[in-house]
There are 2 protein chains.
Amino acid sequence: MTMTKWWIEGGIFVTMTPQEPVVKGHLVVENDRIVYIGAEHPGKLAEGASRISGSGLVFMPGLINTHGHAAMSLLRGYADDMVLQDWLQTKIWPMEGNFTDQDVYWGSALSALEMLKSGTTAFVDMYDHMNEVAKVVEQSGMRAVLTRGVIGLCPEDVQRAKLEEAVRFVQEWNGKADGRIMTMMSPHAPYTCPPAYIEQIVQAAHDLDVPLHTHMSETAAEVEQNVRDYGSRPVEHLDKLGLFSRPSLVAHAVHLNDDEIALLAERGVAVSHNAASNLKLASGIARVPELLKAGVTVSLGTDGAASNNNLDIFDEIRLAALIHKGVTGDPTAVPALEALRLGTVYGARAIWQQDQIGMLQVGMKADMIALDLDQPQFYPRTDIVSHLVYAASGRDVRHVWVNGVQVLKDRKAVLLDEEKIMAEAQRCYERLTNKV
Amino acid sequence: MTMTKWWIEGGIFVTMTPQEPVVKGHLVVENDRIVYIGAEHPGKLAEGASRISGSGLVFMPGLINTHGHAAMSLLRGYADDMVLQDWLQTKIWPMEGNFTDQDVYWGSALSALEMLKSGTTAFVDMYDHMNEVAKVVEQSGMRAVLTRGVIGLCPEDVQRAKLEEAVRFVQEWNGKADGRIMTMMSPHAPYTCPPAYIEQIVQAAHDLDVPLHTHMSETAAEVEQNVRDYGSRPVEHLDKLGLFSRPSLVAHAVHLNDDEIALLAERGVAVSHNAASNLKLASGIARVPELLKAGVTVSLGTDGAASNNNLDIFDEIRLAALIHKGVTGDPTAVPALEALRLGTVYGARAIWQQDQIGMLQVGMKADMIALDLDQPQFYPRTDIVSHLVYAASGRDVRHVWVNGVQVLKDRKAVLLDEEKIMAEAQRCYERLTNKV
């Protein structure tokens, strides 16, 4: 690989570092890493670098979406405003049951495209047909943490086959695509996996030395059922099964009591807060201010597009900044900078990559986005962090780089064929609806 | 005026009419009104019309923002995440006290630009220096309902002068700009206007035959104070003072009991639901599902940009569709179509213009927007109403027409100077911050 070097000249950089959150100046990237950021001219470091004007742009770390099911974008708007079980059983599951490799490929590509165009550079995906998702990640230039989510409500031989598939996926893909792809093991949820099966999955994660991901405490009904079935609430239950003995990331975590929050903090379990999905499915509102106060790493996830129905992390950042104020009655809850951390620094921490991404800092990977600043919603120039949280949208993103490579340029995907993806996703949907 | 006639050929029209919510076909406008909409070719009606291709676009009625203070965009991001009284007293009011005509003009222009570019065609504005706001409306081509909001915490002669100014504003501007400007009378709020002053304002509205607008029951503290000061909650208090004896629109209405909801329904009082502002200032969450069930007209407002911090009604539509599900635990609360009505049909009703705007129907004014549909967040083509509510943003708006005139073309304002407005708003802000 020949060395590439580029220099952003004269831009505003929201670095997300504690020392210097906003830098007006310059940034230099060599290959996949940031080698300079500062107010001063980069001097010798800029030699031989191709120049990019930072004028009219604000740069920040790429956003990190820590929970989703990319292929579910094929079901966006297919069924809304329904009761969860009805929605799943009569609408979503029958459709998903017919998903082929091709459906997962094009659905995931549609999601990758939407995420890229709205400033997400890294995402977590838990689904089936995961080889297809991995191919999309490889081709799109994005970063992802992928996992074959397994549901254990099936005979033992089927359980075993699914587990083997999940293990094979880790073995095949972990660290691939220049390290852009990492993997995890995932029991789908405590209510869809018998305890013994969860223990097998945890053991496999130990053996493979990868983290764990699961859905947890999304609805009140699910927590009650866990108590009925296993005599304990999901957090205690999963803890007993050893899930938190490894690095782990739980999605939703809406219904938690104080003891559970304390335990998650003690075990270092990260949470993916899925605000829009939890609101839309009427699951409730996670106790984010309390989680943060307890020292739990809280990050943001969109969940699948069927229950959101978009994949714009800027929307999730704004929601996180707004709803917890309204619900707690405390206007200082989740202030703007903290909300922005949820989508960047804490997102990186939630996927164990805080040394690589989530901040613009020398030595970090160049995963970065640039937004158009010359728009009315960003005037006057008061507080750029406030503007990014309360007034920005993924549609304001003009350029995206991942691992030092530009993957979105002037709002167009560089490595993905936008027209083809939209057309193929439409075709998949049409075929699926004729089938059911 | 020479006749203008244009024909949108082959588009998707979200009409918002009960009979036919979505039409794939054609729309013809003659001067300021829709003269044809239907699946069939318009035949003779299209003769002499200039053609506009509807390909790749979805058309819908322009959005209606029923509560705001446009000039406050000058304070966007100036102070966030603070306790309301502290925010007002130490930050907002000292700055507003120094606002000149020029500040109000450029601040309002900045807001008009942001609203236009995000698909709002009509807005309600309550502020001071209202001649400047009216000039902006006149020049921008937008539709507005304007009112000089008066605060009565001052000597009687000052009260009288303010009231006279408000009356003069109505006399000068009501029905101006080809009828695009309508006016109201507005006591700022029950807690900022003594009862006798409110009665004078109501009498003036009677004399002028215009509607009334006020802030009401935004915070729990304000409701308690009303009970302490006047022995009744704000709804009963305002009802006794005659405010609801005329067409009236109240902003916020967050803290209401069942009796108050019933009374608002009985009196035909419309509500402007300001979801983002109420969340951001931690005021609470209005009982929108109950208000709708009781038959109250609920519409959407952004409030000022200092407490939002953007003016995108698509954001408010999505918030309204999401938060009430999450808070009530009912995933069928405020379904997508109802959420879209809040920003269109019900918005028109809330400003007493339901016979003119809010739907795409023959005989209605051509206040219409077109969004770019060929984007990943709008695939697959399942339910266009769902996509507009859960996946759209004001940034997706490509064209806007008001009163039959195109005011936004290919994302650029036709009648406003975008660069100049942003630069002047910045200058106003800089001067104001040097002053305080």
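From a predicted model like this one, the values you see are computed outputs, not experimental measurements. (Residues numbered from 1 in each chain as written. Chains lettered and ligands numbered in written order. Predicted model: local features only at pLDDT ≥ 70, side-chain atom pairs only at ≥ 80, totals over all residues. Heavy atoms only, no water.)

### Here we look at the side chain of Thr192 of chain B
All names here are of chain B.
Phase 1 of the analysis: Relative to the assigned elements, Thr192 resides in the loop between β10 (186-187) and α5 (195-208).
Phase 2 of the analysis: Engagement of the side chain of Thr192 in a polar contact is seen with the side chain of His188, the distance being 2.8 Å.
Phase 3 of the analysis: Other than its neighbours up to four places away in sequence, Thr192 contacts Ile151, Gly152 and Leu153. (Helix = DSSP H or I, 4+ residues; strand = E, 2+ residues; numbered from the N terminus. Polar contact = N/O pair within 3.5 Å; in protein donor to acceptor, adjacent residues only side chain to side chain. Contact = heavy atoms within 4.5 Å.)

### Topic: empty space enclosed by the protein
Vacant regions in the atomic arrangement are exposed by a probe of water-molecule size rolled over the atoms.
Phase 1 of the analysis: The tally for this structure, following the rule as stated, stands at 5 cavities of 30 Å³ or more.
Phase 2 of the analysis: Approximately 120 Å³ is the volume attributed to the largest cavity.
Phase 3 of the analysis: The wall of the largest cavity is formed by Ala276, Asn308, Asn310, Asp315, Glu316, Arg318, Leu319 and Leu322 of chain A together with Asp315, Arg318, Leu319 and Leu322 of chain B.
Phase 4 of the analysis: Within the residue set of the lining of the largest cavity, elements represented by two or more residues are α11 (313-328) of chain A together with α11 (313-328) of chain B.
Phase 5 of the analysis: The element that contributes the greatest number of residues to the lining of the largest cavity is α11 of chain A, accounting for 5 residues.
Phase 6 of the analysis: Partitioned by chemical class, the residues of the lining of the largest cavity number 5 nonpolar, 2 polar and 5 charged. (1 Å grid on protein atoms, 1.4 Å probe; cavity = no way out; pocket = protein on both sides within 12 Å on 5 of 7 lines; lining within 4 Å. Points joined across faces, edges and corners; volume = space filled by probe spheres on them. Nonpolar A, V, L, I, M, F, W, Y, C, P; charged D, E, K, R; others polar.)

### Examining the UniProt feature "binding site: substrate" (unreviewed entry) in chain A
Residues and elements named next belong to chain A.
Phase 1 of the analysis: Within the UniProt annotation, "binding site: substrate" (unreviewed entry) is assigned to Glu96, Arg148, Arg160, His188, Glu218 and Asp303. The largest pairwise C-alpha distance within this set of annotated residues, which runs over 208 residues, is 26.6 Å, so the set is dispersed in three dimensions.
Phase 2 of the analysis: Within the secondary structure, Arg148 is located in strand β8 (residues 143-150).
Phase 3 of the analysis: For Arg148, the residues in contact, after removing those within four places along its chain, are Tyr127, Asp128, Met130, Lys162, Glu165, Ala166 and Ser186.
Phase 4 of the analysis: By secondary structure assignment, the location of Asp303 is in the loop between β14 (298-300) and α11.
Phase 5 of the analysis: Taking the relative accessible area as the measure of exposure, Asp303 reaches 6% and is therefore buried.
Phase 6 of the analysis: Once residues lying within four places of it in the same chain are set aside, the contact partners of Asp303 are His67, Gly68, His69, Glu218, His252, Asn274, Ser277 and Leu311. (UniProt positions renumbered as here; feature names shortened; annotations may be inferred. Buried < 20%, exposed > 50% of the residue type's maximum accessible area, 1.4 Å probe, protein only.)

### Section: unusual backbone geometry
Phase 1 of the analysis: Omega for the peptide link from Asn308 of chain A to Asn309 of chain A comes to 5°, which places this bond in the cis form.
Phase 2 of the analysis: Looking at the element boundaries, Asn309 of chain A is found in the loop between β14 and α11.
Phase 3 of the analysis: Of note in this structure, Met16 of chain B is not a glycine but carries a positive phi near 70°.
Phase 4 of the analysis: Summarising the element assignment, Met16 of chain B is placed in the loop between β1 (5-14) and β2 (22-30).
Phase 5 of the analysis: Using a relative accessible area of 4% as the deciding quantity, one classes Met16 of chain B as buried.
Phase 6 of the analysis: With a phi close to 60°, Trp352 of chain B is a non-glycine residue in the positive phi region.
Phase 7 of the analysis: Note that Trp352 of chain B resides in the loop between α13 (345-350) and β15 (368-372).

### Section: the pairing of strand β11 (residues 212-216) of chain A
All names here are of chain A.
Phase 1 of the analysis: Burial of β11 is extensive: 5 of the 5 residues sit out of reach of the surface.
Phase 2 of the analysis: Burial along β11 is two-sided: Leu212, Thr214 and Met216 facing one way and His213 and His215 facing the other are all buried.
Phase 3 of the analysis: As defined by bridge partners, β11 adjoins strand β12 (residues 248-252) across 5 bridges and the pair is classed as parallel. Each bridged residue has a counterpart across the sheet, and for His215 the counterpart in β12 is Ala251. (Pairing = 2+ DSSP bridges.)

### Comments concerning the sheet that holds β14 of chain A
Hydrogen bonds along the backbone pair up the strands of a sheet, which may run parallel or antiparallel.
All names here are of chain A.
Phase 1 of the analysis: Taken in spatial order, the 4 strands make up an open sheet running β11-β12-β13-β14, and their pairing is parallel. Two strands bound the open sheet, and with one partner strand each, they are β11 and β14. Along the sheet, successive strands turn relative to each other by an average axial angle of 30°, direction set aside.
Phase 2 of the analysis: Strand direction decides the pairing type here: β12 and strand β13 (residues 270-273), joined by 3 bridges, are parallel. In the strand pairing of β13, Val250 is matched with Val271.
Phase 3 of the analysis: α11 rests against β13 and β14 of the sheet, and its axis sits at about 130° to β14. (Axes fitted to C-alpha atoms, helices over the stretch in contact; angles between N-to-C directions.)

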